[in-house]
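Chain by chain, the residues run as shown.
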2 protein chains.
Amino acid sequence: MKFVNFFVLMLLIISCKQTETQPAAEQEATKPVSEKPPIGIVIHGGAGTILKENMTAEQEAAYKEKLEEAVTAGYKVLEEGGESLDAVIAAIQVMEESPLFNAGIGAVFTHEGKNELDASIMNGKDLNAGAVSGISRVKSPIQLARTVMEKSEHVMLSGTGAEAFAQEQGLEMVDPDYFYTERRMESLKRAIEREKVELDHDGQAAFYDPFIKNSKYGTVGCVALDKNGNLAAGTSTGGMTNKRYNRIGDAPIIGAGTYANNVSCAVSSTGWGEYFIRGVVAYDIAAKMEYQKIPLQQASKEVIQDKLTAMGGTGGIIAIDKSGEISMEFNTPGMYRASIDSEGQLNIGIYEK
Amino acid sequence: MKFVNFFVLMLLIISCKQTETQPAAEQEATKPVSEKPPIGIVIHGGAGTILKENMTAEQEAAYKEKLEEAVTAGYKVLEEGGESLDAVIAAIQVMEESPLFNAGIGAVFTHEGKNELDASIMNGKDLNAGAVSGISRVKSPIQLARTVMEKSEHVMLSGTGAEAFAQEQGLEMVDPDYFYTERRMESLKRAIEREKVELDHDGQAAFYDPFIKNSKYGTVGCVALDKNGNLAAGTSTGGMTNKRYNRIGDAPIIGAGTYANNVSCAVSSTGWGEYFIRGVVAYDIAAKMEYQKIPLQQASKEVIQDKLTAMGGTGGIIAIDKSGEISMEFNTPGMYRASIDSEGQLNIGIYEK
């Protein structure tokens, strides 16, 4: 047995040495993919207490299928030479249109039984950004965020003002009922019921979802790198079940929920929004890369596993840098996620690594 | 002449040497102030094209008097051993109640002729934060931001929801007319008139103020360090004259308009909000201090004079760090500002340094 191990090791050493001594031209011929400028895309569909034992095989398959559809839609844009911003929109719109995720159709309800949607987008090339909060009548919140970025003098619009702007810009408007799903209405009813029961209300009861237990999370997001080296990030959400007082979470906050900068990375967050705002989480990862000169995965890990965790915050991020390095970091039991890297390698995950 | 110079130099050297060799006890007796923990406070009342030639002596005196009143109100809290958060509230409320500044009474009007107020506050000790946007019926927006921080599970509330929360918490409510001033209504009328005339509307016409020309700025803010080494920052504003679509600027955005962290500094911004959001300006100064290990003044200068200016953004910040070092950095012709340092030294400024 030992002899076999030794033999395999020797073979490995020889083959490695051969690769090392290959002439440059030959290397190019055998590895053409790595010579192309890197591209890549990562998506998330929310983080929280997502446990395998709470999910049927059918539910799991449905999530994986939709995650694959979304990440593939975005990757297709990049593969055909398109822009990272378009890839982000394409991937997020698949998730906004699916009732599985807390964004667009299937968004959670406020205490008053309304859907108030938030979204933001940022372009790493020129640091331009757009964000909307508290909208109920625009079909694609992420598209409106992009329109705010590109067609208004402002970064952030809210409520009926943002909707008036959407209408002026000719975006597709819908009846607020368009976002309604029976499942989310049931979640709201249960959350209100639990609130009444749990007198020592600790905020944990404020969100109830059959697949994301005991948590307040659920947001979709995407980050992408295109062949021109441009990074983009976007996030879209229905916020928190049973939310009140026109609460604004981290999703529409540039620096907290979304950030992109070609000099560092693109980040989209999902989690307990209040902590992500206080920790300026998305920008903090970029700042660590830029100022401490550390790689993306290390920066993400330090921000999520050390800083956010120390504050008591929970959730996760997806990120990509200019070299195509990908990070999917979370401190919850699960995060719906998927990526396709430069080599076209698809990766889908739900539970812990 | 040379001999005199030499003589003075020798005297200086001797006196310095004497100071150096003083016993510790004696040093304490002669310099008691520096043995106390440092305290300090800085305020701003907006930045923009504030030019001496556009202001009468009376106007200048009125601004200086109110700035002194505000900074002194905050310093008094610190001097008596109070908390930096209370100092920030005390100073900002003086400016919210003065029609001279674009916050509280004297806030600018939206396109529809309403006052929509924004504010935020952050505690450097525990990174807790509170923010409100688009409120019209709460007397002190900065007080509401603090109540959101301390009494709600959320960081950011908006519009009528934020007002409902204020009412539940027993905050002083006012009629929206409470914030009305004739001067700001005239500014709105002029802005709308100019918009009609200037067909090639470039966004510069959107704000008109007799004292802050050709700009969109006007916000009040305060940062403070108390004797326990706790930093706090707060910002309050009426936003932009003639603003539409429920635009949200940087003032209520943690990381952009306001940031405080005991490990680095407390910052409040004023300027063209969209650029401050995209640059995550307040947190960027703190991040540079923490990650690049550079002093506050250098970090502020790099963020405002290099990064913000390169983006095309204009405005300024006030900041203080845990040692009591103060920074008042702006790239506009003027910024209403005042500070009182550890030694009790008052400093008031309006125009360029």
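Focus: the relation of the copies chain B and chain A
Superposing chain B onto chain A takes a rotation of 180° plus a shift of 0.0 Å along the axis, which leaves an RMSD of 0.0 Å. The superposition of one copy onto the other is thereby described by a two-fold rotation axis. Proximity to the rotation axis, assessed at the C-alpha, singles out Tyr291(B) in chain B; its C-alpha lies 2.9 Å from the axis. Most of the interface of chain B is mirrored in chain A: 100% of its interface residues are interface residues there too.

Focus: helix α10 (residues 296–311) of chain A
Residue and element names in this part refer to chain A. Its 16 residues give α10 an end-to-end C-alpha distance of 21 Å, which sits within 8% of 22 Å, the value for a rise of 1.5 Å per residue. Valine 303 marks the point of greatest bend in α10, at about 25°. All of the buried residues along α10 are Leu296, Ala299, Ser300, Val303, Ile304 and Leu308. The inward-facing, buried residues of α10 contact β9 (265–271), α8 (273–278), α9 (281–292), β10 (315–321) and β11 (326–330).

Quick look at the packing of aromatic side chains
For any pair of aromatic rings, geometry is given as the distance between the ring centres together with the angle between the planes. The final tally for this structure, using the stated rule, is 17 aromatic pairs over all chains. On the basis of an interplanar angle of 80° and a centroid distance of 5.6 Å, the ring pair of Tyr63(B) and Phe101(B) is categorised as edge-to-face. You can see Tyr63(B) sitting in helix α3 (residues 57–79) and its partner Phe101(B) sitting in the loop between α4 (84–96) and β2 (117–123), a full 38 residues away along the chain. Classification of Tyr63(B) as buried rests on a relative accessible area of 2%. Phe101(B) sits in the buried class, given a relative accessible area of 0%. Here the aromatic cluster, defined as three or more aromatic residues joined through ring pairs, consists of Tyr259(A), Tyr283(A), Tyr259(B) and Tyr283(B).

Details of the environment of Glu329(B)
All names here are of chain B. Note that glutamate 329 resides in strand β11 (residues 326–330). On the basis of relative accessible area, glutamate 329 is assigned to the buried category, the value being 9%. Through-space distance from the C-alpha of glutamate 329 to that of proline 38 is 21 Å; in sequence the pair is 291 residues apart. Within the local environment of glutamate 329, its side chain forms a polar contact with the side chain of glutamine 305, the two groups lying 2.7 Å apart.

Some details on the interface of chain B and chain A
Interface size, as often reported, equals the accessible area lost upon joining of the parts. Facing 45 residues of chain B, the contacting portion of chain A comprises 45 residues. Carbon and sulfur atoms supply 60% of the area buried between chain B and chain A, which totals about 3600 Å² over both sides. Of all residues in chain B, Tyr245(B), Arg278(B) and Tyr291(B) bury the most surface against chain A, accounting for 23% of the area lost on that side. In this structure, the connection of chain B to chain A is made through zero salt bridges. The tally of links from chain B across to chain A stands at 20 residue pairs in polar contact (both at pLDDT 80 or more).

Here's the deal with the pairing of strand β3 (residues 128–135) of chain A
All names here are of chain A. Most of β3 is tucked away, with six of its eight residues classed as buried. In the sheet, strand β2 (residues 117–123) pairs with β3 via six bridges, with the strands oriented antiparallel. Each residue of the ladder has a partner; that of serine 120, found in β3, is alanine 131. Hairpin connection from β2 to β3: four residues lie between these consecutive antiparallel strands, with leucine 127 at a positive phi of about 55°. With three bridges connecting them, β3 and strand β4 (residues 156–158) associate as parallel partners. In the sheet register, serine 133 faces β4, and the bridge partner there is serine 158. In the classification by handedness, the crossover that spans β3, the intervening helix α5 (residues 141–151) and the parallel β4 is left-handed.

Thresholds, definitions, all that
Every chain begins its residue count from 1, and numbering advances along the sequence as written. In the order they appear in the text, chains get letters beginning with A and ligands get numbers beginning with 1. The predicted nature of this model means local features are confined to residues of pLDDT at least 70 and side-chain atom pairs, given and counted, to a pLDDT of 80 or more, with totals for whole chains, interfaces and linings taken over all residues. To obtain the side-chain values, all non-hydrogen atoms of the structure were used and water was disregarded. All copies are superposed by least squares; the fitting set is the C-alpha atoms of residues with a pLDDT of at least 70 in both. Here, residues are in contact when the closest pair of their heavy atoms is within 4.5 Å. A run of H or I in DSSP becomes a helix once it reaches four residues, and a run of E becomes a strand once it reaches two; helices and strands are each numbered from the N terminus. The span one expects for a helix is its residue count, reduced by one, times 1.5 Å. Bend angle per residue: angle between axes fitted to the 7 residues ending at that residue and the 7 residues starting there. Only protein chains enter the area calculation, which uses a 1.4 Å probe; residues under 20% of their type maximum are buried, those over 50% are exposed, and those in between are partly exposed. Note on aromatic pairs: the rings of Phe, Tyr and Trp (six-membered ring only in Trp) are paired at centre separations within 6.5 Å, and the planes decide the class, stacked below 30 degrees, edge-to-face beyond 60, tilted for the rest. Two N or O atoms count as a polar contact when they lie within 3.5 Å, although within protein this holds only if one can serve as hydrogen donor and the other as acceptor, and sequence-adjacent residues are included solely when both atoms are side-chain atoms. Summed over both partners, buried area is the accessible surface (1.4 Å probe) that two parts give up on being assembled. Just to be clear on terms, a salt bridge is a Lys or Arg side-chain nitrogen sitting within 4 Å of an Asp or Glu carboxyl oxygen. In this scheme, strands are said to pair when DSSP sees at least two bridges between them. Consider the strands pointing away from the viewer: the crossover is right-handed when the path from the first strand over the helix to the second runs clockwise.

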